[in-house]
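The chain contents come next:
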Amino acid sequence: MGYKMRLNGYYEDLKQSYLFIKIAQKVKEFQKARPETEIMRLGIGDVTMPLAPAVTAAMRRAVDEMGSAETFRGYSSDWGYEFLREAIKGHYAEKGVKLDLSEIFISDGAKSDAGNITDIFDADSKVLIPDPVYPVYVDTNIMAGRKPEYIAGNEGNRFLPLPDGRPADLIYLCSPNNPTGAVYNKDQLQAWVDYANANNAIILFDSAYEMFVGDAELPTSILQIPGAETCAIEICSFSKTAGFTGVRCGYTVVPNALKRKAGGDDVSVNSFWLRRQTTKFNGVSYISQRGAAAAFSPEGYTQIKENINYYKRNTKMICDMLSELGIWYTGGVNAPYVWMKCPNMSSWGFFDFLLDKAHVVGAPGEGFGDNGEGYFRLTGFGAAENVEKAVKKIKSVM
Ligand SMILES: *Cc1c(COP(=O)(O)O)cnc(C)c1O
């Protein structure tokens, strides 16, 4: 008798995410014990610069339109507004990637799409995820009952793991990488694309930090790699490029050439994603989409690039300090993240050391996967004066 109501048991398989809770706790304790000490935060994973003026102006105009009967708008199309998809199409054209508007889906951010996309794949899909990496890929697959396998990033491969022959159906790649800041070059991405095409796998490529890439030789989209249109989906966001973490807007590109079997015949993956989105998602606000499109206007683009360059000057200060100290690191140059080796300490040991001696907060690498143990993430998302002070202080205690 009775109904067997149960929760999704796979949630119990998730590892507790202690990282940022534990960091906050330790900082609070330190501040309580030494209230007069100024703490410098180099662990931030969020943007700090305000929105670009071109973006806020566009959003203000959009608010006025929504308040007037003649220009009011309700639901947008299933893909998102055409003006924004045209702007994204133009952005890709500059990278040499030709997109059709039907391949671009506007979202409320890369995190949601990275999680939601798991819906359209078979529950038994074999998932391959680099370690260390942005924890969302792992946790969303565990919630769906899959058991991801990990491919190790380490000093040997400069935290840019390549295919190792293991079969996989879904492969997650993030470049420029969070947390390591490492960026795949064209040959390395070609190796992944060739591997995926040869094995019928799909690559889910997170390009949230693409605009931090300054080196013209490095790819900013997997779709720049020949053959990617038959094996890759790209997930991107305005969060880190245009400071939209509090506004919310992103996009996912699902090439029309990407086909896989569902029942018998090959079907378009794009049509499955469209069906998923029209069923469970109802779009992003007109105001956010207007703001996002303004980030790609000539004026807006110049302004968001200035902000990115500000963060990059911060990471350069961090990189220069590590070079001077002779400490191994990767990232930093084409990413807001610097991934350093802890000097003969564990990740958390180094966290405690840095907080106690230099009053600097960073993120222990162990929080991003087992292979992150012994490494540490520092970020350029902060005020330049703060980074400058932190760098001096770290130098004085190492
Ligand atoms: C910050 C971040 C995102 C952004 O997610 P939004 O939901 O768009 O804010 C996506 N992927 C990675 C790797 C990130 O670090």
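Scoring rules and cut-offs
- For every chain, the first residue of the written sequence is number 1, and numbering continues from 1 onward in sequence order.
- Confidence filtering applies because this is a predicted model: local features only for residues at pLDDT of at least 70, side-chain atom pairs given and counted only at 80 or more, and all residues used for totals across whole chains, interfaces and linings.
- As a convention, hydrogens and water are excluded, and side-chain values are obtained from all of the structure's heavy atoms.
- For this analysis, a salt bridge means a side-chain nitrogen from Lys or Arg found within 4 Å of a carboxyl oxygen belonging to Asp or Glu.
- Per the convention used, a helix needs a DSSP run of H or I reaching at least four residues, while a strand needs a run of E reaching at least two, with both numbered from the N terminus.
- The buried label goes to any residue with under 20% of its type's maximum accessible area, the exposed label to any with over 50%, and the partly exposed label to all in between, with areas taken from a 1.4 Å probe on protein chains only.
- All domain edges in this entry derive from an automatic or database-based domain assignment.
- Any two residues whose heavy atoms approach within 4.5 Å are treated as being in contact.
- Note: buried area is the sum, over both parts, of the accessible area (probe 1.4 Å) each one loses when the two are combined.
- We call a residue near a given molecule or strand whenever any one of its heavy atoms falls within 4 Å of it.
- Here a polar contact means two N or O atoms within 3.5 Å. Within protein one must be a hydrogen donor candidate and the other an acceptor candidate, and residues neighboring in sequence count only if both atoms are side-chain atoms.
- Only the protein chains shown count as cover for residues, and the accessible areas themselves come from Shrake-Rupley with a 1.4 Å probe.
- All residues other than Ala, Val, Leu, Ile, Met, Phe, Trp, Tyr, Cys, Pro, Asp, Glu, Lys and Arg, Gly among them, are scored as polar; the first ten of these are nonpolar and the last four charged.
- Only the stretch in contact is used when fitting a helix axis, every axis being a line fitted to C-alpha atoms; angles between N-to-C directions are given from 0 to 180 degrees.
- For classification purposes, an angle smaller than 35 degrees is called roughly parallel, one larger than 145 roughly antiparallel, one from 65 to 115 roughly perpendicular, and anything else oblique.
- Take the residue count of a helix, subtract one, and multiply by 1.5 Å to get its expected span.
- The arc refers to the directions leading from the helix axis to the C-beta atoms.
- At least two bridges found by DSSP between two strands are what make those strands a pair.

Remarks on the pattern of salt bridges
And then number 1: Counted under the stated rule, the structure contains 15 salt bridges.
And then number 2: The closest approach of N and O atoms between K95 and E210, which form a salt bridge, is 2.6 Å. In this pair, K95 sits in the loop between α3 (82-94) and β2 (104-107) while E210 sits in the loop between β6 (202-206) and β7 (232-237), placing the two residues 115 residues apart along the sequence. Assigned by exposure class, K95 and E210 land together as buried.
And then number 3: Salt-bridge contacts for K126 lead to E149; the nearest nitrogen and oxygen are separated by 2.7 Å. Taken together, the residues span a long stretch of sequence, with K126 in the loop between α4 (110-116) and β3 (127-131) and E149 in strand β4 (residues 149-152) at a distance of 23 residues.

Focus: the domain arrangement of the chain
Put simply, an interface is often sized by how much accessible area is lost when its parts join up.
And then number 1: For the chain, the assigned domains read domain 1 (17-50 + 299-397) and domain 2 (73-297).
And then number 2: Spacing between the C-alpha centres of domain 1 and domain 2 amounts to 27 Å.
And then number 3: Between domain 1 and domain 2, the residue contacts involve 31 residues of the former and 34 residues of the latter.
And then number 4: Taking both partners together, domain 1 and domain 2 bury about 2,600 Å²; carbon and sulfur atoms supply 56% of that area.
And then number 5: Connecting domain 1 to domain 2 are one salt bridge.

What to know about the environment of M211
And then number 1: Inspection of the secondary structure puts M211 in the loop between β6 and β7.
And then number 2: As for M211 and A335, which are separated by 124 residues in sequence, their C-alpha atoms are 8.5 Å apart.

A closer look at the site of the ligand
And then number 1: In the vicinity of the ligand there are 14 residues, among which Y209, S237, S239, K240 and R248 approach most closely.
And then number 2: In this structure, an oxygen atom belonging to the ligand sits 2.6 Å away from a side-chain N or O atom of S237.
And then number 3: Here the ligand loses 93% of its free accessible area of 380 Å² to cover by the protein chains.
And then number 4: Looking at the shell around the ligand, the elements with two or more residues in it are α4 and α7 (239-242).
And then number 5: Grouping the constituent residues of the shell around the ligand by class yields six nonpolar, four polar and four charged.

Here we look at unusual backbone geometry
And then number 1: Of the consecutive residues D131 and P132, the connecting peptide bond is found in the cis state with omega at 5°.
And then number 2: For P132, the position within the fold is in the loop between β3 and α5 (136-143).
And then number 3: Here N178 and P179 are connected by a cis peptide whose omega angle stands at 15°.
And then number 4: Considering the arrangement of structural elements, one finds P179 in the loop between β5 (170-174) and α6 (186-199).
And then number 5: Its identity is not glycine, yet R158 carries a phi of approximately 50°, on the positive side.
And then number 6: With respect to the helices and strands, R158 occurs in the loop between β4 and β5.
And then number 7: For R158, a relative accessible area of 41% corresponds to the partly exposed category.
And then number 8: Positive phi outside glycine occurs at F159, with the angle close to 60°.
And then number 9: Looking at where F159 falls in the secondary structure, it is placed in the loop between β4 and β5.
And then number 10: With relative accessibility at 4%, the residue F159 sits in the buried group.

Side note on the packing of helix α10 (residues 298-325) against helix α12 (residues 384-397)
And then number 1: At a closest axis distance of 10 Å, the pairing of α10 and α12 adopts a crossing angle of 5°. By the criterion of interaxial angle, the relationship of α10 to α12 is roughly parallel. Every residue of α12 that contacts α10 at Y310, N314, M317, I318, M321, E324 and L325 is listed here: A384, E385, V387, E388, V391, I394 and K395.
And then number 2: A class-by-class count of the residues in the contact of α10 with α12 yields nine nonpolar, one polar and four charged.

A short note on α3
And then number 1: Helix length check: α3, at 13 residues, gives a terminal C-alpha distance of 18 Å against a target of 18 Å (1.5 Å per residue), a fit within 8%.
And then number 2: When α3 is considered as a whole, its buried residues turn out to be L84, R85, A87, I88, H91 and Y92. Each buried residue of α3 sits inside an arc of 155° when the element is viewed along its axis, so together they form one side. The exposed residues of α3 that point more than 90 degrees off its buried face are A93 and E94.
And then number 3: Residues of α3 that are buried sit in contact with β2, β7, β8 (250-253), α9 (286-295) and α10.

Regarding the sheet that holds β6
And then number 1: What the seven strands build is an open sheet, ordered β2-β8-β7-β6-β5-β3-β4; its pairing is mixed. Pairing within the sheet leaves two strands with one partner each, and these edge strands are β2 and β4. Neighbour-to-neighbour, the strand axes of the sheet open up by a mean angle of 25°, direction not taken into account.
And then number 2: When β2 meets β8, the two strands line up antiparallel, connected through four bridges. Counterpart to I104 in the pairing with β8 is V253.
And then number 3: Against the sheet, α3 engages β2, β7 and β8, with an angle of about 120° to β2.

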